[in-house]
2 protein chains.
Amino acid sequence: MGSVTTSQIDPPGTVHDSSFLRVCRGEQPAHTPVWFMRQAGRALPEYRALRVGRTMLDTCMTPDLVTEITLQPVRRLGVDAAIFFSDIVVPLKAVGIDLEIQPGIGPVVAKPMASEADLSALRPLEPETDLPYIAESVKQLVAELDVPLIGFAGAPFTLASYLVEGGPSKTHAKTKALMYGEPAVWARLLDQLADITLSFLRTQITAGASAIQLFDSWVGALSADDYRRYVMPASSKVFAGLTDLGVPRIHFGVGTGELLPLLAEAGADVVGVDWRVPLDEAASRLPGRTLQGNLDPAVLLAPPAVVDERTRLVLDQARVLPGHIFNLGHGVLPETDPDTLKRVVDLVHASTS
Amino acid sequence: MGSVTTSQIDPPGTVHDSSFLRVCRGEQPAHTPVWFMRQAGRALPEYRALRVGRTMLDTCMTPDLVTEITLQPVRRLGVDAAIFFSDIVVPLKAVGIDLEIQPGIGPVVAKPMASEADLSALRPLEPETDLPYIAESVKQLVAELDVPLIGFAGAPFTLASYLVEGGPSKTHAKTKALMYGEPAVWARLLDQLADITLSFLRTQITAGASAIQLFDSWVGALSADDYRRYVMPASSKVFAGLTDLGVPRIHFGVGTGELLPLLAEAGADVVGVDWRVPLDEAASRLPGRTLQGNLDPAVLLAPPAVVDERTRLVLDQARVLPGHIFNLGHGVLPETDPDTLKRVVDLVHASTS
């Protein structure tokens, strides 16, 4: 557990010495590093311009576009890390699941999984043939970036929810019904998804990503006991399968106040916290742990004085932490003014250097 | 705080001695009382049959229908309390807010509130002229019921969210932007909503309701600090304004693990807990408090053996409580088999009598 001390794949000097990776390794940074979940995306006009006439999946499969979109917030905002632009369902599409990403809705799966027979649709991921564009995008990116690239993947529970519900869900009722009702089928489903996720992340790391974040976006729908029993084995398999690559592993899910110790126990080095749990309180649940977070993304819609006050509050609450990566408590909202994001980056840097 | 010892409006003997009211008063019940949020509604075929060709708002404004729908689950399931059938936005509609409830979506407000000028749309509620059908429905109901009737209202934050967002929201971003950006306008809005809610609940109690539940469905979107600063004054005003009527006051919101002590501090006698926090853990956050909950509604979609096991687990975890009202951790899901609800009622009664 804890910080990462060695890396098998050494990033270039400036990246290796970046504040982001220094904090991940438990070293003193030049300033508190900051990046934003969904920094690459809908809040940036240059992103929206690029996306005109292109589907999300086509965009994710085109290295020049992935590179440009991932770079956009780094250029504009001066963030300390890039997050690989992709979608949670990209590896599912790549193994042949019939799905699309519908604007304003999200992933829609043509034939939702309902029983053991459907598991056969989930074959293992063969990165070189199934998604050659991922390694290509990462290589192109690290050649251009002077900050670390964070690899991106959805966690097994969140992927399972999309597969079983057939799309986004408020209740995750079908997913839980399968989990409670057919625990053996559920365990196999999550194990297969863990293998796919692991392969997807290893591909990004071996191509040059300096860290990864596993997004278990919807796992906050579960109690801690259910998380431990039904989800942790699969998420642990993903983290354990990355250990030999020696890169920092971040773990995040929204509404996971009750799960924070387990998100770390699953094998993460850094745990992301949403805005519901102040970082000093999160520190008491995760002693000695480097944490990431946790400004409420809705604060960025308030006037500048409020944004500043709230940003400083997060930094104050983070003082008790051994290491802090500033981020939001969830993704950037589409209606956010990019200038506000820049304002936060500058304030975090100025307040902590 | 704590249990309610006197009632100004004494319900009939069987109701007064019911297990539900005994637990609310801190007395020993014959068995653990059980009711379900949304027990009156979409899961019951007899409800769906009644609703054919009728809008939700028309239904809520027709005493014969409200009475029949509220009674349906009492007859079929043998629950220990009835919950007044209504909708959170009924009092808003009654003061003239232009809104409708769209099937499959929820409340849609024609002109969402955005600034101070819009506050004038929120005039005080005059129950006798604005919603005479509420007192009429309650009176009709208590004449027919042999279990207590729980009055129903949405809390100021949740009402404000519908008014500001214009409908259901995943992020409550506009609501929070107003809250953070214009705290004085926000405070006035919540105070006006508190007055409306208070009047709505007093109407139900004086007509015969034996208890009330304040539903702050979406307040789990806030941190504890924000809850205390921006919401608690209004919710406290509602609870304080009911004290003279001497009925038990239940307070519930989904995803409120971080807020549980504050939900009690706001003035509730009983706090509802969702399934994310086990009741024994909730007891440590709310020592000496009677709690309501907290079976995950998705469990009811699993096979009977799982339903039984999980129901018993909730009862086990509740043993440390001074008083327990069995319920779900959120509303009954529409796809729930009514026989499963009946199974849970019978198991709770058999296990605790």
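The paragraphs below set out a description of the structure included in this document. Residue numbers run consecutively from 1 along every chain, following the written order of its sequence. Labels follow written order: the first chain is A, the first ligand is 1, and so on. With the structure being a predicted model, the display of local features is reserved for residues of pLDDT at least 70 and the display and counting of side-chain atom pairs for 80 or more, all residues being used for whole-chain, interface and lining totals. The side-chain quantities take in all heavy atoms of the structure and omit both hydrogens and water.

**Comments concerning the overall build of chain A**
Heads up, the condition is: Secondary structure follows DSSP: runs of H or I at least 4 residues long count as helices, runs of E at least 2 residues long count as strands, and numbering of each begins at the N terminus. Radius of gyration means the value over C-alpha atoms here, while the globule rule gives 2.2 Å times the residue count to the 0.38 power. Three exposure classes are used, based on accessible area relative to the maximum for each residue type with a 1.4 Å probe and protein chains only: buried under 20%, partly exposed in between, and exposed over 50%. Here, residues are in contact when the closest pair of their heavy atoms is within 4.5 Å. All accessibility values rest on the Shrake-Rupley procedure with a 1.4 Å probe; residue burial counts only the protein chains present in the view. The charge count treats Lys and Arg as positive and Asp and Glu as negative. His and the chain ends do not count. In plain terms, the charge of a residue is placed at NZ if it is Lys, CZ if Arg, CG if Asp and CD if Glu.
The number of helices and strands found in chain A is 16 helices and nine strands. Taken over the C-alpha trace, chain A has a radius of gyration of 19 Å; the compact-globule value for 353 residues is 20 Å, and the two agree within 12%. The principal-axis extents of the C-alpha atoms in chain A amount to approximately 55 × 45 × 40 Å. For chain A, with 353 residues in total, the buried portion stands at 63%. Across chain A, the fraction of contacts at a sequence separation of at least 24, relative to all contacts at a separation of at least 6, is 73%. Put simply, chain A shows about 12,700 Å² of open surface, and 53% of that area lies on carbon and sulfur atoms. Of the charged side chains in chain A, 30 are positive and 41 negative, and the gap between their average positions amounts to 2 Å.

**What to know about the sheet that holds strand E4 (residues 149-154) of chain B**
All names here are of chain B. Let me state the cut-off plainly: We treat two strands as partners when DSSP finds at least two bridges between them. Inter-axis angles, ranging from 0 to 180 degrees, are taken between N-to-C directions of lines fitted to C-alpha atoms, where helices are fitted over the stretch in contact.
The parallel open sheet is built from seven strands, whose spatial order is E1-E4-E5-E6-E7-E8-E9. Taken across any chain shown, the strands that pair with only one partner, and hence form the sheet edges, are strand E1 (82-83) and strand E9 (324-328). In this sheet, strand E7 (residues 270-272) lies alongside strand E6 (residues 249-252) in parallel orientation, the contact comprising two bridges. Within E7, the residue paired with His251 across the bridge is Val271. The strands touched by helix H12 (residues 224-240) are strand E5 (211-215) and E6; relative to E6, the strand with the most contacts, the crossing angle is about 155°.

**Thoughts on the pairing of E6(B)**
Residue and element names in this part refer to chain B. For clarity, the threshold we go by: Orient the strands so they point away from the viewer; a crossover is then right-handed if the path from the first strand over the helix to the second runs clockwise.
Residues Arg249 and His251 line one face of E6 and the alternating positions Ile250 and Phe252 line the opposite face, and both faces are buried. Sheet topology places E5 next to E6; four bridges connect them, and they run parallel. By the bridge assignment, Phe215 is partnered in E6 with Phe252. On the question of chirality, the crossover connecting E5 to the parallel E6 by way of H12 is right-handed. Taken together, E6, helix H13 (residues 260-265) and E7 form a β-α-β motif whose crossover is right-handed.

**Some details on the relation of the copies chain B and chain A**
Using the following cut-off: Least squares is the method for superposing the copies, and the C-alpha atoms it fits come from residues with pLDDT of at least 70 in both.
When chain B is fitted to chain A, the residual RMSD is 0.0 Å, and the transformation amounts to a turn of 180° plus an axial shift of 0.0 Å. Accordingly, the operation relating the two chain copies is best matched by a two-fold axis. In this assembly, 100% of the residues forming the interface of chain B have copies in chain A that are likewise at the interface, indicating an isologous arrangement.

**Considerations on the interface of chain B and chain A**
Put simply, the rule is: The term buried area refers to how much accessible surface (probe radius 1.4 Å) is lost by two components on association, counted for both of them together. Salt bridges are defined as contacts in which a side-chain nitrogen from Lys or Arg sits within 4 Å of a carboxyl oxygen from Asp or Glu. N or O atoms within 3.5 Å of each other form a polar contact, as long as, within protein, one can give a hydrogen and the other can take it, and as long as residues adjacent in sequence are counted only when both atoms are side-chain atoms. Each residue gets one of three labels, nonpolar for Ala, Val, Leu, Ile, Met, Phe, Trp, Tyr, Cys and Pro, charged for Asp, Glu, Lys and Arg, and polar for the others, Gly among them.
Contact with chain B, which involves 32 residues of that partner, is made by 32 residues of chain A. At the boundary of chain B with chain A, total buried surface from both sides reaches about 2,500 Å², with 50% on carbon and sulfur atoms. If you sort the residues of chain B by the area they bury against chain A, B:Tyr180, B:Glu258 and B:Arg276 come out on top, with a joint share of 25%. Along the contact surface separating chain B from chain A lie eight salt bridges. Of the charged contacts, one joins A:Asp296 and B:Lys176 as a salt bridge, the two residues approaching to 2.7 Å between their closest N and O atoms. Joining chain B to chain A, the criterion identifies 10 residue pairs in polar contact (both at pLDDT 80 or more). If you tally residues by element for the side of chain B that touches chain A, the top one is helix H10 (residues 173-181) of chain B, at five residues. The residue inventory of the side of chain B that touches chain A, partitioned by class, reads 15 nonpolar, six polar and 11 charged.

**Some remarks on the side chain of B:Thr70**
Residue and element names in this part refer to chain B. As for its placement among the helices and strands, Thr70 is situated in helix H5 (residues 63-77). Judged by relative accessible area, Thr70 falls into the buried class, the value being 0%. Within the structure, the side chain of Thr70 is placed 2.7 Å from the backbone oxygen of Val66, a separation counted as a polar contact. With near-sequence residues (within four places) excluded, Thr70 lies in contact with Ala40, Ala82, Ile83, Phe84, Phe85, Leu141 and Leu149.

**Structural notes on unusual backbone geometry**
All names here are of chain A. At the junction of Gly293 and Asn294, the peptide bond is cis and its omega measures out at -5° in the coordinates. Its location among the elements puts Asn294 in strand E8 (residues 290-295). For Arg38, which is not glycine, the phi torsion reads 65° and is therefore positive. By the secondary structure assignment, Arg38 is in the loop between helix H2 (19-24) and helix H3 (45-51).

**Quick notes on helix H11 (residues 183-206) of chain A**
The following threshold applies: Multiply 1.5 Å by the residue count of a helix minus one, and that product is the helix's expected span.
For H11(A), built from 24 residues, the straight-helix expectation of 34 Å at 1.5 Å per residue is met to within 8% by its first-to-last C-alpha distance of 34 Å. Two residues or fewer past H11(A), A:Gly208 is found with a positive phi of approximately 135°.

**Details of the environment of B:Ala350**
Residues and elements named next belong to chain B. With respect to the secondary-structure elements, Ala350 resides in helix H16 (residues 338-352). Given a relative accessible area of 62%, Ala350 falls into the exposed group. Placed 151 residues apart in sequence, Ala350 and Ser199 show a C-alpha to C-alpha distance of 39 Å.

**Some remarks on the nonpolar core**
Put simply, the rule is: Among buried residues, those of type Ala, Val, Leu, Ile, Met, Phe, Trp, Tyr and Cys that are joined through side-chain atoms within 4.5 Å constitute a nonpolar core.
With 260 residues, the main nonpolar core has A:Leu189 and B:Leu189 as its most contacted residues. If we skip the residues at most four places from it in the chain, A:Leu189 touches A:Met113, A:Leu119, A:Leu122, A:Ala160, A:Leu163, A:Val164 and A:Leu178.

**Description of the pattern of salt bridges**
Between side chains of opposite charge, pairing is possible as soon as their charged atoms come close. Evaluated as defined, the whole model comprises 42 salt bridges over all chains. Between A:Arg228 and A:Glu265 there is a salt bridge, with the nearest N and O atoms lying 3.1 Å from each other. Here A:Glu265 lies in helix H13 (residues 260-265) and A:Arg228 lies in helix H12 (residues 224-240), a separation of 37 residues in the sequence. Take A:Arg228: its relative accessible area is 43%, and that puts it in the partly exposed class. A:Glu265 gets classed as partly exposed once you look at its relative accessible area, which sits at 45%. Note that B:Arg343 and B:Asp308 form a salt bridge whose closest N and O atoms lie 2.7 Å from each other. Of this pair, B:Arg343 sits in helix H16 while B:Asp308 sits in helix H15 (residues 304-317), and the two are 35 residues apart along the sequence. On the basis of relative accessibility, which here comes to 36%, the residue B:Arg343 falls in the partly exposed class. The network of salt bridges with common partners includes A:Arg22, A:Arg25 and A:Glu27.

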